[in-house]
Amino acid sequence: MGTQNSDEQVGGTGRRALLGAAVLGAGGAVLGLSGTARAGEAGHGGGVKSLPVPTIIGHRGASGYRPEHTFGSYQLALDLGAHVVEAGDLVPTKDGHLVCRHEPEIGGTTDVADHKEFADRKVTKVLDGVSVTGWFTEDFTLAELKTLRAIERIPANRPHNTLYNGRWEIPTFEEVLKWQDEQTRKRGKQVWIYPETKHPTYFRKLGLGLEERVAKLLRKYGKDRRNSPVILQSFEPSSIQRLNKLVGNPLVVLLSGATTRPWDFVEAGDPRTVADLITPAGLAEIASYAQGIGPTLDLVIPKNAAGFLTTPTTLVADAHAAGLILHPYTMRNENPFLPADFRKGTDSDAYGDVFGAYRTYFATGIDGVFTDNPDTGLLAREDFVNG
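Residues numbered from 1 in each chain as written. Predicted model: local features only at pLDDT ≥ 70, side-chain atom pairs only at ≥ 80, totals over all residues. Heavy atoms only, no water.

Enquirer: If you had to explain the packing of helix H2 (residues 71–79) against helix H4 (residues 173–187) to someone new, which residues and values would you point to?
Expert: Contact geometry for H2 and H4: axes closest at 12 Å, N-to-C directions at 30°. Between H2 and H4, the interaxial angle falls into the category roughly parallel. Like other packed secondary-structure pairs, H2 and H4 cross with a definite hand, here right-handed. When H2 is examined against H4, the residues Phe71, Tyr74, Gln75, Leu78 and Asp79 are found in contact with a partner set consisting of Glu175, Val176, Trp179, Gln183 and Arg187. By residue class, the composition of the contact of H2 with H4 is five nonpolar, two polar and three charged. (Axes fitted to C-alpha atoms, helices over the stretch in contact; angles between N-to-C directions. Helix = DSSP H or I, 4+ residues; strand = E, 2+ residues; numbered from the N terminus. Parallel < 35°, antiparallel > 145°, perpendicular 65-115°, else oblique. Left-handed = near helix turned anticlockwise from the far one by under 90°. Contact = heavy atoms within 4.5 Å. Nonpolar A, V, L, I, M, F, W, Y, C, P; charged D, E, K, R; others polar.)

Enquirer: Describe the environment of Thr201, and please don't skip the residues or the numbers.
Expert: For Thr201, the position within the fold is in helix H5 (residues 200–205). Judged by its relative accessible area of 15%, Thr201 is buried. Through-space distance from the C-alpha of Thr201 to that of Ser239 is 8.0 Å; in sequence the pair is 38 residues apart. Ignoring sequence-local partners within four residues, the contact set of Thr201 consists of Glu236, Trp263, Asp264 and Glu267. (Buried < 20%, exposed > 50% of the residue type's maximum accessible area, 1.4 Å probe, protein only.)

Enquirer: For the pattern of salt bridges, give the residues involved together with the corresponding values.
Expert: Working definition: two side chains of opposite charge can pair if their charged atoms are close together. Scanning the model with the defined rule gives 23 salt bridges in all. With its nearest N and O atoms 2.6 Å apart, the salt bridge here joins Glu174 to Lys220. Placement of Glu174 in helix H4 and of Lys220 in helix H6 (residues 210–220) is noted, with a sequence separation of 46 residues between them. Using a relative accessible area of 23% as the deciding quantity, one classes Glu174 as partly exposed. With a relative accessible area of 57%, Lys220 lands in the exposed category. The closest approach of N and O atoms between Arg225 and Asp224, which form a salt bridge, is 3.6 Å. In this structure Arg225 comes out as partly exposed when scored by relative accessible area, which is 30%. A single salt-bridge network, built from bridges that share partners, covers Arg60, Glu68, Asp89 and Arg153. (Salt bridge = Lys/Arg side-chain N within 4 Å of Asp/Glu carboxyl O.)

Enquirer: Any details on the pairing of strand S10 (residues 251–255)? Residues and values, ideally.
Expert: Side-chain positions along a regular strand alternate between the two faces of the sheet. For S10, the tally of buried residues reaches five of five residues, placing the bulk of the element in the interior. By the alternation rule, side chains of S10 split into Leu251, Val253 and Leu255 and Val252 and Leu254, which are all buried. Relative to S10, strand S9 (residues 232–234) is paired through three bridges, and the arrangement is parallel. Bridging from a neighbouring strand, Gln233 pairs with Val252 of S10. Traced from S9 through helix H7 (residues 237–246) to S10, the parallel crossover comes out right-handed. Both S10 and strand S11 (residues 292–295) contribute to a ladder of four bridges, which runs parallel. Looking at S11, one finds that Val252 is bridged to Gly292. (Pairing = 2+ DSSP bridges. Right-handed = clockwise from strand over helix to strand, strands pointing away.)

Enquirer: Describe in detail the side chain of Thr376, supporting the description with residues and values.
Expert: Within the secondary structure, Thr376 is located in helix H14 (residues 374–385). Under the relative-accessibility criterion, Thr376 is labelled buried at 8%. Look past the residues within four positions of Thr376 in its chain and what remains in contact with it is Tyr65, Asn333, Val354, Phe355 and Tyr358.

Enquirer: Residue-level account of the confidence of the model for the protein chain, with values.
Expert: Predicted confidence across the protein chain gives a mean pLDDT of 90, with 88% of residues reaching 70 or more. For the stretch residues 5–38, pLDDT sits under 50, and the model shows 89 contacts to residues farther than four places along the chain or on other chains. (pLDDT = per-residue confidence, 0-100.)

Enquirer: So what's going on with the pairing of strand S6 (residues 130–134)? Residues and values would help.
Expert: Relative to S6, strand S5 (residues 123–127) runs antiparallel, the two sharing five bridges. Of the residues in S6, the one forming a bridge with Lys125 is Val132. Connecting S5 to the next strand, S6, in antiparallel fashion are two residues, including Asp128 with a positive phi near 50°.

Enquirer: Which residues make up the environment of Ala87, and what are the values?
Expert: For Ala87, the position within the fold is in the loop between strand S2 (84–85) and strand S3 (89–92). Taking the relative accessible area as the measure of exposure, Ala87 reaches 0% and is therefore buried. Residues Ala87 and Gly58, 29 residues apart in the sequence, show an inter-C-alpha distance of 8.6 Å. If near-sequence neighbours (up to four positions away) are discounted, Ala87 is found in contact with Tyr74, Phe173, Val176, Ile193, Tyr194 and Pro195.

Enquirer: Tell me about the packing of aromatic side chains, and please be specific about residues and values.
Expert: Overall, the coordinates contain 10 aromatic pairs when judged by the stated rule. Aromatic pair Phe71 and Trp179: ring centres 5.9 Å apart, planes at 50°, arrangement tilted. Highlighted residues: Phe71 in helix H2 and Trp179 in helix H4, separated in sequence by 108 residues. Given the relative accessible area of 6%, Trp179 is considered buried. Ring centres 5.7 Å apart and planes at 35° place the aromatic pair Tyr358 and Phe362 in the tilted group. In this pair, Tyr358 and Phe362 are both assigned in helix H13 (residues 354–362), four residues apart and thus about one turn of the helix distant. Across the pair, Phe362 and Tyr358 agree in class, each one buried. Positioned above the aromatic ring of Tyr164 is the side chain of Arg66, whose terminal nitrogen or guanidinium carbon lies 4.1 Å from the ring centre. Above the face of the Trp168 ring, Arg167 is positioned so that its terminal group lies 5.9 Å from the ring centre. (Phe/Tyr/Trp six-rings, centres within 6.5 Å; stacked < 30°, edge-to-face > 60°. Lys NZ or Arg CZ within 6 Å of the ring centre and 35° of its normal.)

Structure representation (structure tokens):
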């Protein structure tokens, strides 16, 4: 996830009906919605309805403890008990494979800078309107990327994660799908993943469309149906609309700050901002092709200029009224990533009162949350569910 996002042909209405009754309302029980499951109850009938609520989603794996988007991070997320693993943020290679990286620029997440043979690949590009200098996955073949190793993205906050620099390679999406099946067999329970299409408009203009590649792999592994254990997400609504026509999977629109515009809107000349998308009318439109939203936590409870939480918005109630689940992002244990209310001391890598923060966000009725620290999230969830 970014910070900005046959029976396979199931229409949006059908999937909304599948998800709406049990899952969506489970977290909404906090709001007193009638006819819904209580928080902590899983739905019945398989599919997304079988996930516990609130759902704890391992953000890029267990990225609080291992370099993100590596099998080390994904594996640890499962070992810690995450209900779902965000494996991975999908970007293409030069030869059309999908790999898991937070961004197509890999200078900050791999050791590419140490590879002299790739020194001439360092370039400056405009990515969604922003000038970015570094090395980009679309300029490498898969074989070349496989010679690189992952490193910690935010070493100032997570110096302990640098211990694992160089240990794991870049995974492909196909490898993730195989890993998911292997782990499901080994653990005796279904493993869920939550991949994201990254910068889909940018890549489509390069002739590297993401959605068709995602759909092809999901079909190959029989995971393109409404009950498949793969939730797809994107910050670009048009990517989700395209996926809605290709696969039957549950779909989620990611939402950044209220004043921002999805990049596909910018390219298409659509003047709407995220603030327009989270109105009742905007949410109803999203519900016509998706089953959920992934808002930044600030859209659930805004902060003031000093970083303290203010009054919760109506987003949870409004989204539930439209039949949408909410999986906000991202909970992290370290002080810099917490609201000022819950920080302790000033050290950038010290933990704050993250349990207090979870409690506050869970109380709004959200259906789950992305977290870099799945074990912490699960303990906070247990406290919340048990009252």
